[in-house]
Amino acid sequence: MFNLLYKELRLAAHPNLFIFTALGVLVIVPAYPYGMVFLFGCLAPFITFMYGRETNDIYYTALLPVKKSDTVKAKFLLVILAQITQLMISLPFAVLRLYVLPEGNPAGIEANVAYYGFGFITYAIFNYIFLTYFFKSAHKVGNAFILAIIPASLVVLLMEVIVHFPGFVWLDRVEPSFLVRQLPILFVGIVIYIVSIFAAFKVSVRRFERVDL
């Protein structure tokens, strides 16, 4: 599996995958809707899968002495690696902004605990719809992306807007007492992300096994 993942990173991954992954640093930008970071994390797999379609990557992988399920697993690992790396890159900058931009983010939610919880939920929704639909045919990338990005964008929009309502101001705070209150959102987001990955993988393998390459 390591060899397949290595092949994904060296041959299948579009250069924009690495660029968009690095955009986790955007949480240091003042007055910026940080939900865009998650949308870039969704856009990166789309571009890579589109690139793979044009280069016949799925067909090339099918010619290798590997099971179809391993082909699916390698694609999943590539998406997960990119998204988790993006979040890890953003973390030090989220901490740094507390010192260089203490006045907060007037454009939307702060890069706090709740923010990352919503991020995992966004990724979970996108991954499940995008990956399961893609492996239904192994080439309809555009349709898969449109179906997946709409609900993912709605989650990001909700996250950015809800903090402007008085009853949800606590979602936008970075004080320790509020961060503790936000922990359930992070926990739920991580659980949803993990469950959706396993569920999507199971569905994707079943669908891909029926695809005639």
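Refer to the structure above for everything that follows.
Residues numbered from 1 in each chain as written. Predicted model: local features only at pLDDT ≥ 70, side-chain atom pairs only at ≥ 80, totals over all residues. Heavy atoms only, no water.

Some thoughts on the overall build of the protein chain
Secondary structure assignment for the protein chain yields eight helices and zero strands. In sequence order, the secondary structure elements of the protein chain are arranged as α-α-α-α-α-α-α-α. Scaling as 2.2 N^0.38, a compact globule of 213 residues should have a C-alpha radius of gyration of about 17 Å, and the protein chain matches this with 18 Å. The principal-axis extents of the C-alpha atoms in the protein chain amount to approximately 55 × 25 × 25 Å. In the protein chain, which comprises 213 residues, the proportion classed as buried is 48%. At a minimum sequence separation of 6, the contacts of the protein chain that also span at least 24 residues come to 81%. A total of about 10400 Å² of accessible surface is found on the protein chain, and carbon and sulfur atoms cover 73% of it. (Helix = DSSP H or I, 4+ residues; strand = E, 2+ residues; numbered from the N terminus. Rg over C-alpha atoms; globule rule 2.2 N^0.38 Å. Buried < 20%, exposed > 50% of the residue type's maximum accessible area, 1.4 Å probe, protein only. Contact = heavy atoms within 4.5 Å. Areas by Shrake-Rupley, 256 points an atom, 1.4 Å probe, with all protein chains shown as cover.)

Describing a positive patch on the surface
Together, Lys136, Lys140, Lys202, Arg206 and Arg210 give the surface a local cluster of positive charge. The residue arginine 206 is located in helix α8 (residues 176-209) in this model. (Patch = residues over 30% accessible without salt bridge, like charges linked within 9 Å, V, L, I, M, F, W, Y side chains within 5 Å. Salt bridge = Lys/Arg side-chain N within 4 Å of Asp/Glu carboxyl O. Lys, Arg positive; Asp, Glu negative; His and termini not counted. Charge placed at Lys NZ, Arg CZ, Asp CG, Glu CD.)

Side note on a nonpolar patch on the surface
On the surface, Ile146, Ile150, Leu154, Leu157, Val161, Phe165 and Phe168 cluster together to form a nonpolar patch covering roughly 670 Å² of accessible area. Along the chain, the position of leucine 157 falls in helix α7 (residues 141-162).

Examining the packing of helix α3 (residues 35-54) against helix α6 (residues 113-137)
Interaxial distance between α3 and α6 falls to 9 Å at its minimum, and their mutual angle equals 20°. Here α3 is positioned roughly parallel relative to α6, judged by the angle of their axes. Between α3 and α6 lies a crossing whose hand is right-handed. Side by side, α3 and α6 meet where Gly35, Val37, Phe38, Gly41, Cys42, Pro45, Phe46 and Phe49 of the first sit next to Tyr115, Gly119, Thr122, Tyr123, Phe126, Phe130, Leu131, Phe134 and Phe135 of the second. Class assignment of the residues belonging to the contact of α3 with α6 gives a composition of 13 nonpolar, four polar and no charged. (Axes fitted to C-alpha atoms, helices over the stretch in contact; angles between N-to-C directions. Parallel < 35°, antiparallel > 145°, perpendicular 65-115°, else oblique. Left-handed = near helix turned anticlockwise from the far one by under 90°. Nonpolar A, V, L, I, M, F, W, Y, C, P; charged D, E, K, R; others polar.)

Concerning empty space enclosed by the protein
Overall, the coordinates contain two cavities of 30 Å³ or more when judged by the stated rule. Looking at the largest cavity, its volume works out to about 50 Å³. Considering the residues around the largest cavity, the lining is formed by Phe49, Gly52, Arg53, Asp57, Ile58, Lys75, Phe134 and Ala138. Every element with two or more residues in the lining of the largest cavity is listed here: α3 and α4 (57-62). With three residues, the top contributor of residues to the lining of the largest cavity is α3. Among the residues forming the lining of the largest cavity, the class breakdown is four nonpolar, one polar and three charged. Considering only enclosed or pocket space, the second largest cavity measures out at about 30 Å³ in volume. (1 Å grid on protein atoms, 1.4 Å probe; cavity = no way out; pocket = protein on both sides within 12 Å on 5 of 7 lines; lining within 4 Å. Points joined across faces, edges and corners; volume = space filled by probe spheres on them.)

Some words on the pattern of salt bridges
As enumerated under the stated definition, the model contains seven salt bridges in all. Note that glutamate 54 is salt-bridged to arginine 53, the shortest N-O span being 2.7 Å. Take glutamate 54: its relative accessible area is 53%, and that puts it in the exposed class. When its relative accessible area of 34% is taken as the criterion, arginine 53 is described as partly exposed. Residue glutamate 110 pairs with arginine 97 through a salt bridge whose shortest N-O separation is 3.0 Å. One end of the pair, glutamate 110, is in the loop between α5 (68-100) and α6; the other, arginine 97, is in helix α5, and 13 residues separate them in sequence. The two residues glutamate 110 and arginine 97 agree in class, both being buried. Each of the salt bridges in this network shares a partner with another, and the network as a whole consists of Lys7, Glu8, Asp57 and Lys75.

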